[in-house]
Amino acid sequence: MPPILPDFSNSVKLKYVKLGYQYLVNHILTLTLIPIMAAIFIEVLRMGPDEISNLWKSLHFDLVQILCSAFLIIFIATVYFMSKPRTIFLVDYACFKPPITCRVPFATFMEHSRLNLKNNPKSVEFQMRILERSGLGEETCLPPAIHYIPPKPTMEAARGEAELVIFSAMDSLFEKTGLNPKDIDILIVNCSLFSPTPSLSAMVINKYKLRSNIKSFNLSGMGCSAGLISIDLARDLLQVHPNSNAVIVSTEIITPNYYQGNERAMLLPNCLFRMGGAAILLSNRRSESRRAKYRLVHVVRTHKGADDKAYRCVYEEEDKESKVGISLSKDLMAIAGEALKSNITTIGPLVLPASEQLLFLLTLIGRKIFNPKWKPYIPDFKQAFEHFCIHAGGRAVIDELQKNLQLSSEHVEASRMALHRFGNTSSSSLWYELSYIEAKGRMKRGDRVWQIAFGSGFKCNSAVWKCNQSIKAPTDGPWADCIDRYPVHIPEIVKL
Amino acid sequence: MSSKKSRVSVHSKLTVVPSKPSGSVKTNPLSSLDHAMGLHSLHMVFYYKKNPFGSFELDPLRESLSGVISLYPNVTGRLTRLENGNWAVKCHDAGVRVIRAEVSATLDEWLRSADGSEEKDLTVWEEMPQEPNTWSPFRVQINDFEGGGVAIGLSCSHMLADLTSAILLFKSWTEVSRREPIEHPPFFNSLALHGQLVPNKHTQLGKYYATKSEEQFQASVKMATATFKFSNSVIKQCLYEVNQNCPNATPFELLAGLFWSRITRLKGPKSYNTHSLSICMDSRRLLQDPLPIGYFGNAFHFSQLSLKGEEIGHCELGHVVELVHNRVLGIKEEEFSSVMNWFEAQKGEGGKFAPPFRMYGPELTCISLEHMLVPSKVTGSINMTSLIYAATFDKDEKPVHMSCHVGNVEGEGLIVVMPSMEEGLARTVLVTLPEEELAELCEDQAILRLEPTMLLSGKR
């Protein structure tokens, strides 16, 4: 609520004032131009053709002047069009659907926890409390190696999981887009915790026999926000290479990183991280503009690593028994909030309509000059975007963002339902959420989507997409068999 | 007691969960008969020449196992105690334990040379702990033989299933893997077995169960198992021989009578003693309101047949078979209700069932699986096909053999009469006796006269 006006929170009058203000400021150019053009038109009509030709002759234009002006105009126009960045299209994407044999119901997870941590009932209790409040459902999946008692995280099993996830997603992508593997010019694979030699991107090139002059990249160690980092990298590459296709594979391989010790802070990821992956096709070819689903508008990356606390908040280390795990610090939510604020400050001016920016500017000036006690104005991002995809890092993250950005439950529904059905699938969770929105038939042409991801480091990355064509609810995809059951009500605490 | 190293080595243990979530968590109470079987466990092994499993991790057979157990919520749940102390199954999809092992022998070698105690390694079992909330009552064990061949073992707590239920569960798995509809879908209702409570006519039956419950067993005698396969023609011949005494004898009655008389003779018939045989039969179809064969739970009935020592010693086979036949025919509805009544009468305060006792024992117990033979679906065939050997993963790849054992059998021993792979009247008899008696039985002329093929009897 802008502090300029008195406090009429729920007044209807205020709503109309706000609407009027927004319409006025957002369309100010149109509103000023139309009267001017109307005035000129009426003047021209009034003058009549003779007077116009007399006016023209009195200007004494000669040929040289006319030609120079024409060249100048053409030159400026060319420079403008050449320096415009290429449009990046998201042609289509495919999410990995885990096989039913990998399902982990709550009862099985707790039973394995009790059997594997026989001597640590406190740790088992802790895991149960986390699972009860996690927001996960009974259909999330863990890779085959973790179903063993005790788990068998061999390198072979990790490669097996990588092959299963990545190849399934890519086969699905090829089928959906009709892409020929030989047409891939750029390949980016991001998987944070599993980085074998040869790399996962080499594994993909080997399997699909991709071209020898392909530009391949493998991003590892960059956390859950690596998906958007890959998008950013692909965008930059597609500016340099005309007429190219880029395939991005985002996944997280769980097999080698399942923590086998007793330290509580490190047991938390075991409860939340689940199997998942996505393959995305980006292109800068003009021919794709007809069938592409989305257009990339902005990518904004914010890194808080300069701050020591932020750097250490998600930290991989050995516990007292030399077992490796990822330790999450207690300040995680606070640091995430800070990183988000930083990201919003950068993305706000790019996406917010003029009305919101003006209000923000006015309150900023007001706070600096008049009264520092005025509450800072939180811009209403709901006016900039129709859909939100918040990384399903955990229930707490989604709750925090919903509060900070003042989003309704429908806005965060995609994130909550993706967390319930698939768990925290790390960098690919954004794509499961986008797939949910499409499966519900809510994606219309011109809709803007904001994808926000957090990751270790501590990073907060955003991507803004604009829907290119209305998307009919797809009959395939990871939500195909269960979308009718959603949305479900997720209780605060599930009784286990 | 040979302490040779076991040829079976277990290398992994995992849990297979049902493919569909069961929705809300239900707690299914167990019936009185279920509670009574609490001390026992069932172990079945199906042997296949060709291993239907491919890679195992993502094998379609694992998917079909997940699919079939989602239809059997009792199988994937865990045992829990109700408020009144009775047992129930909490159906929350915890899953079935699957164990993988390798056998350092080929399938044929194994069938020739292994014995009952080695076969136990194919269905490794751990007894129910005090707190069974992380204990899986059903376990599947996949044993790979050298050179192909596999033995799939299914073990379960006797509280949740009897032989019929366990065999049909396995058969349903094979049907799901062949993508065919399940022929005998499971039926869960523990109250279905409680017949009308008629006044207790058969007090003798009550006494029989009471004696069982009071029997204290001394230090266990080492038991050994042998398997005798009798061909169709031999059984036919035998039935013809006893035709005079007993024109309508079934192969079960013939073999039960034969083995009982031979074993009693071995033990040394004492003229003044009565020798008893406990006949164990499936009661599903014999009830007045017949239960579907898919009823999942315990529905086997134990009835007693006693003979004086001299009768066994001196009379011929035909007479014994006739007695068995008459006893089997005499099992009627009233017997079942009186058993139920007896169990109800044993209930303590709050409706808690009495602690379980050894149902299999102390006398020689003989289990009949004749009900596993159903009319053949092949048009024009008058044969009966065995449901056991219909458990084929790949079409036409029937199991080479099926064994079943009961855990914690004490007393004189156990005989299981099962249909064989060969159709018709052929039968396979599994005999568990104290070691020395079994050795003598295998040399017994009356049995060897019938030219049995010996399997899984150790090196003989």
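Each value, and the rule that gives it
- Counting starts from 1 at the beginning of each chain's written sequence and moves along it residue by residue.
- By the order in which they are written, chains take letters starting at A while ligands take numbers starting at 1.
- Predicted model: local features are reported for residues with pLDDT of at least 70 only, side-chain atom pairs are reported and counted for 80 or more only, and whole-chain, interface and lining totals are derived from all residues.
- Computation of side-chain values covers all heavy atoms of the structure but excludes hydrogens and water.
- Only protein chains enter the calculation, and the probe is 1.4 Å; a residue is then buried if its accessible area is under 20% of its type maximum, exposed if over 50%, and partly exposed in between.
- Only DSSP runs of H or I reaching four residues or more are called helices, and only runs of E reaching two or more are called strands; each is numbered from the N terminus.
- We call two strands paired when DSSP finds no fewer than two bridges between them.
- As a rule, the C-alpha atoms of each element are fitted with a line to give its axis, helices using only the stretch in contact, and angles between N-to-C directions run from 0 to 180 degrees.
- The scheme is simple: roughly parallel for angles under 35 degrees, roughly antiparallel for over 145, roughly perpendicular for 65 to 115, oblique for anything else.
- Here a crossing is called left-handed whenever its near helix is offset anticlockwise from the far helix by less than a right angle, and right-handed whenever the offset is clockwise.
- Here a residue-residue contact requires only that any non-hydrogen atoms of the pair lie within 4.5 Å.
- In this classification, Asp, Glu, Lys and Arg are treated as charged, Ala, Val, Leu, Ile, Met, Phe, Trp, Tyr, Cys and Pro as nonpolar, and every other residue, Gly included, as polar.

To continue, consider the pairing of strand β9 (residues 387–390) of chain A. Residues and elements named next belong to chain A. Judged by which residues are buried, β9 turns out to be covered on both faces: H387 and C389 on one side and F388 and I390 on the other are all buried. Two elements, β9 and strand β10 (residues 448–455), share four bridges in a ladder whose sense is parallel. Opposite C389, over in β10, you have Q451 as the bridge partner.

Residues and elements named next belong to chain A. It is the contact of helix α6 (residues 155–177) with helix α7 (residues 200–208), at a shortest axis distance of 11 Å, that shows an interaxial angle of 55°. Taken together, the axis directions place α6 and α7 in an arrangement best described as oblique. Note on packing geometry: the crossing formed by α6 with α7 is right-handed. For the pair α6 and α7, the contacting residues are A162, E163, I166, F167, M170, D171 and F174 in the first and L200, M203, V204, K207 and Y208 in the second. Here the residues of the contact of α6 with α7 are counted per class, giving nine nonpolar, no polar and three charged.

Attention now goes to the sheet that holds strand β10 (residues 274–282) of chain B. All names here are of chain B. Across the sheet, seven strands lie side by side as β11-β10-β12-β16-β17-β9-β18; this open sheet has mixed pairing. Of all strands in the sheet, those bounded by a partner on one side alone are β11 (300–308) and β18 (453–455). Averaged over all neighbouring strand pairs, the angle between strand axes comes to 20°, with direction disregarded. Note that β10 and strand β12 (residues 364–368) share four bridges and pair parallel. The partner of C280 across the bridge, within β12, is I367.

Residue and element names in this part refer to chain A. In the sheet, strand β7 (residues 314–318) pairs with strand β8 (residues 324–328) via five bridges, with the strands oriented antiparallel. The residue of β8 that forms the bridge with Y315 is S327. Between β7 and the antiparallel strand that follows it, β8, lie five residues; S322 among them carries a positive phi value of about 60°.

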